[in-house]
Amino acid sequence: MVCNIKERANIYLSCDEITNIPCNLIFYNYHINLSSSDLCDTHEVSKYIYFYNCFLKRARNPKIVIHDAVVNSKKQPKGKKKIKNRRISKLKKPPASFMKNIFKKNLTFNECVFYDSLQIHQNQFLEHLVFINCYDKQNDIKITSLELQENKIKGYLFIKNCAIKNINLWKNKFENRSYFVDSEFGYEQDKDNKAKLNFSNTCFKDNAYFNNSKFYSYADFHECEFEKIACFYGVIFDKAPNFSQIILKDNFNALNITLNFTFDDLEKQIKQEHEYFNKDKNEKDKKSLDKFANDFRDSFRVFKNALIKDNNLLEASKFHKYELYCKEIELEEKKPKIFSKEWIDKWQLVFYRKLCDHHTDLLKVFHNLLIIIMLFSIFSFVLDKFKQPSIENNAKYHIVQVDTNESYIFKEHNKTTYNIFGLNINKESGKLDEFVKNNFVYVLILLFIVLSILSFNIFTNLYIFGSFFYVIFNFLDLVALYTHIAIISLFVFFALKFILLDDKQEIIRKIIIGVSYIVCIFALLAKPSLMLPVFGSFLEKDTNATYPLLLSLSVVYFILVALVIFSLQKTARKNSIVPS
């Protein structure tokens, strides 16, 4: 029997009407108002039910309940009763639902629009449950919520070309194949994880396919059991899924999965899920944030191990990257003691994430190499420019002897001091020396108090610390050593600062990278020996080109470049199809 009309008409269906249908029925082009079936006993539906191009929603009329009614049959005509002291209240409209039924034939929804939540609870499906093409793209109308809970499906569950904002598959048992293919789950602007995509605690007895589907929101698959093939080929996750504690008894296909989120997105999501999980729970039942991060790490480990098993190391490295993201978040929340093993591990993870995204971003590590070369070129140029005293400085500071390329003997002091930017630091700060030596302890106490109270940006703190150590080295007559340490520290500081820029500082990093390209090209054309740390001076005709400070700086530069080049070649090898 086919119900087909040109203009849409409203019809109401309840559980009794569905179970009493005497023949196979196709509803075509209807507005279907489904009333709740929670008051029905278990019924058998022995015929095919097919909804095609229908608009489904819950019944408009809410339930009416009469409270505290007293029946008085006196002085009333026979068969009539009077109800007094009645209080009538209206309950909220019940959701459209199929509950506690046994469907012996297919239940199909094709090109249907769901305005309200559809609940299918505690049913048995001896054949197939089908949702196909349920997405009105023109009007952007999706299935608001599909609740499949505690059902037993012996046939196929087939969901294809559908858009579902919320889905709940909690504790279903699928004894045959399940398909969630070419569909969209959640919605794009779900920044606060309001959509719920719950596939947890589900038992898939046969193959489960999620091919080419897209999950815009957080998808929870924890404690799922896949007894046969679980195929996620071509799936896109805009947010990190949860596959912790799942059971895989057969092949797990994770090829061509796309993960569209960054470290900051993952950290934000873990914190949101942590807050949601612990909301309205007792202290004993609450779960710490580091354990939540470990659950997410377990999810990425599942994908990684499946790909390694298939000998797909290139794809596995991507999931290993996200696994390390979670480990970093976990260690951050544990707040390890300084210089403990966990503290060192945390900062090692931070460094390699910033340097090369854990050996997955070849362009990023190459740019970091250019940044280090650029800094060394600038530092070398500046030091080479000011290493020799000018004629004006000879007369001003009474230089009588040049011991090395960087040390000079002065008449008035009769001692060696360091020449930086052509200035005699000791001569200009003679009065400061006398004050510091007479009040050394008080100066130290004052500096510690100032450093502990004031909170400036990193450059201001660098200046304060530099001044503090200058006071100490100047008191010990070790200004030359101080200058060596200060310049090398500045070089390392700027190198690490530029390499470890946050993703939020993308514009600043792009500007620095642009400057690095320009400086590196100029250095390559003008003085290519700068590109070769330590060994570059041997290519120069002037053997005095390298003096102690520049040599010290070259050693540090060599260490940093070696570290970056190691990461560069490792990243290139990991991202190559050529086996290592």
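Residues numbered from 1 in each chain as written. Predicted model: local features only at pLDDT ≥ 70, side-chain atom pairs only at ≥ 80, totals over all residues. Heavy atoms only, no water.

So, about the environment of Phe-210. In this structure, Phe-210 sits in the loop between strand E28 (208-209) and strand E29 (214-215). A relative accessible area of 0% places Phe-210 in the buried class. Separated by 51 residues in sequence, Phe-210 and Ile-159 have C-alpha atoms that sit 9.4 Å apart. Excluding residues that lie within four positions of it along the chain, Phe-210 makes contacts with Phe-180, Val-181, Phe-199, Phe-204, Phe-215, Phe-221, Phe-226, Cys-231, Phe-232 and Val-235. (Helix = DSSP H or I, 4+ residues; strand = E, 2+ residues; numbered from the N terminus. Buried < 20%, exposed > 50% of the residue type's maximum accessible area, 1.4 Å probe, protein only. Contact = heavy atoms within 4.5 Å.)

Looking now at the nonpolar core. Of all hydrophobic cores here, the largest spans 76 residues; its most connected members are Phe-109, Phe-199 and Phe-210. Ranked by size, the runner-up nonpolar core spans 35 residues in total, among them Leu-369, Ile-487, Val-556 and Tyr-557. (Core = buried A, V, L, I, M, F, W, Y, C linked by side-chain atoms within 4.5 Å.)

With their axes 8 Å apart at the nearest point, helix H3 (residues 289-309) and helix H4 (residues 313-334) run at an angle of 165° to one another. Between H3 and H4, the angle falls in the class roughly antiparallel. Here H3 runs over H4; the crossing is left-handed. (Axes fitted to C-alpha atoms, helices over the stretch in contact; angles between N-to-C directions. Parallel < 35°, antiparallel > 145°, perpendicular 65-115°, else oblique. Left-handed = near helix turned anticlockwise from the far one by under 90°.)

Our next topic: the packing of helix H2 (residues 263-278) against H4. The geometry of H2 relative to H4 is characterised by a closest axis approach of 10 Å and an angle of 55° between their N-to-C directions. The pairing of H2 with H4 is recorded here as oblique in orientation. As H2 packs across H4, the resulting crossing turns out to be right-handed. In this structure, H2 contributes Phe-263, Leu-266, Glu-267, Ile-270 and Lys-271 to the contact, and H4 contributes Tyr-322, Tyr-325, Cys-326, Glu-328, Ile-329 and Glu-333.

Right, let's talk about the packing of aromatic side chains for a bit. Evaluation of the coordinates by the stated rule reveals 54 aromatic pairs. Ring centres of Phe-210 and Phe-232 lie 4.5 Å apart, and the angle between their planes is 5°; on these two criteria the pair is classed as stacked. Taken together, the residues span a long stretch of sequence, with Phe-210 in the loop between E28 and E29 and Phe-232 in the loop between strand E32 (230-231) and strand E33 (236-237) at a distance of 22 residues. Each of the two residues, Phe-210 as well as Phe-232, counts as buried. The lysine or arginine in question, Lys-287, covers the ring of Phe-277, its NZ or CZ lying 5.9 Å from the ring centre. Stacked on the ring of Phe-292, the Lys or Arg Lys-287 has its end atom at 5.2 Å from the ring centre. (Phe/Tyr/Trp six-rings, centres within 6.5 Å; stacked < 30°, edge-to-face > 60°. Lys NZ or Arg CZ within 6 Å of the ring centre and 35° of its normal.)

On to a nonpolar patch on the surface. Residues Leu-363, Phe-366, Tyr-517, Ile-521 and Leu-525 make up a contiguous nonpolar surface patch of roughly 510 Å² in combined accessible area. Going through the elements one at a time, helix H6 (362-385) and helix H13 (506-526) are the ones with two or more residues in the nonpolar patch. Ranked by the residues each element gives to the nonpolar patch, the list is headed by H13, at three residues. Here Leu-525 falls in the exposed class, since its relative accessible area comes to 71%. (Patch = residues over 30% accessible without salt bridge, like charges linked within 9 Å, V, L, I, M, F, W, Y side chains within 5 Å. Areas by Shrake-Rupley, 256 points an atom, 1.4 Å probe, with all protein chains shown as cover. Salt bridge = Lys/Arg side-chain N within 4 Å of Asp/Glu carboxyl O.)

Further remarks concern the sheet that holds strand E13 (residues 101-103). Note: strands within a sheet are paired through backbone hydrogen bonds, in either parallel or antiparallel orientation. Strand order across the open sheet formed by eight strands is E5-E13-E17-E20-E23-E27-E31-E34, with parallel pairing between neighbours. Two strands close off the open sheet at either side, each with one partner strand: strand E5 (43-45) and strand E34 (247-248). Here two bridges tie strand E20 (residues 152-153) to strand E23 (residues 173-174), and the two strands are oriented parallel to one another. Bridging from a neighbouring strand, Ile-153 pairs with Phe-174 of E23. (Pairing = 2+ DSSP bridges.)

Quick look at the pattern of salt bridges now. Side-chain pairs of opposite charge can arise where the charged atoms are in close proximity. Taken as a whole and judged by the stated rule, the model has 20 salt bridges. The shortest N-O distance in the salt bridge between Lys-205 and Glu-227 comes to 3.1 Å. Of the two residues, Lys-205 is situated in the loop between strand E27 (203-204) and E28 and Glu-227 in the loop between strand E31 (225-226) and E32; the sequence distance between them amounts to 22 residues. Assessed through its relative accessible area of 28%, Lys-205 is described here as partly exposed.

This part is about the side chain of Glu-323. As for its placement among the helices and strands, Glu-323 is situated in helix H4. Side-chain polar atoms of Glu-323 contact the side chain of Lys-304, separated by 3.0 Å. Each residue touching Glu-323, except ones within four places of it in the same chain, is listed here: Arg-297, Phe-300, Arg-301 and Lys-304. (Polar contact = N/O pair within 3.5 Å; in protein donor to acceptor, adjacent residues only side chain to side chain.)

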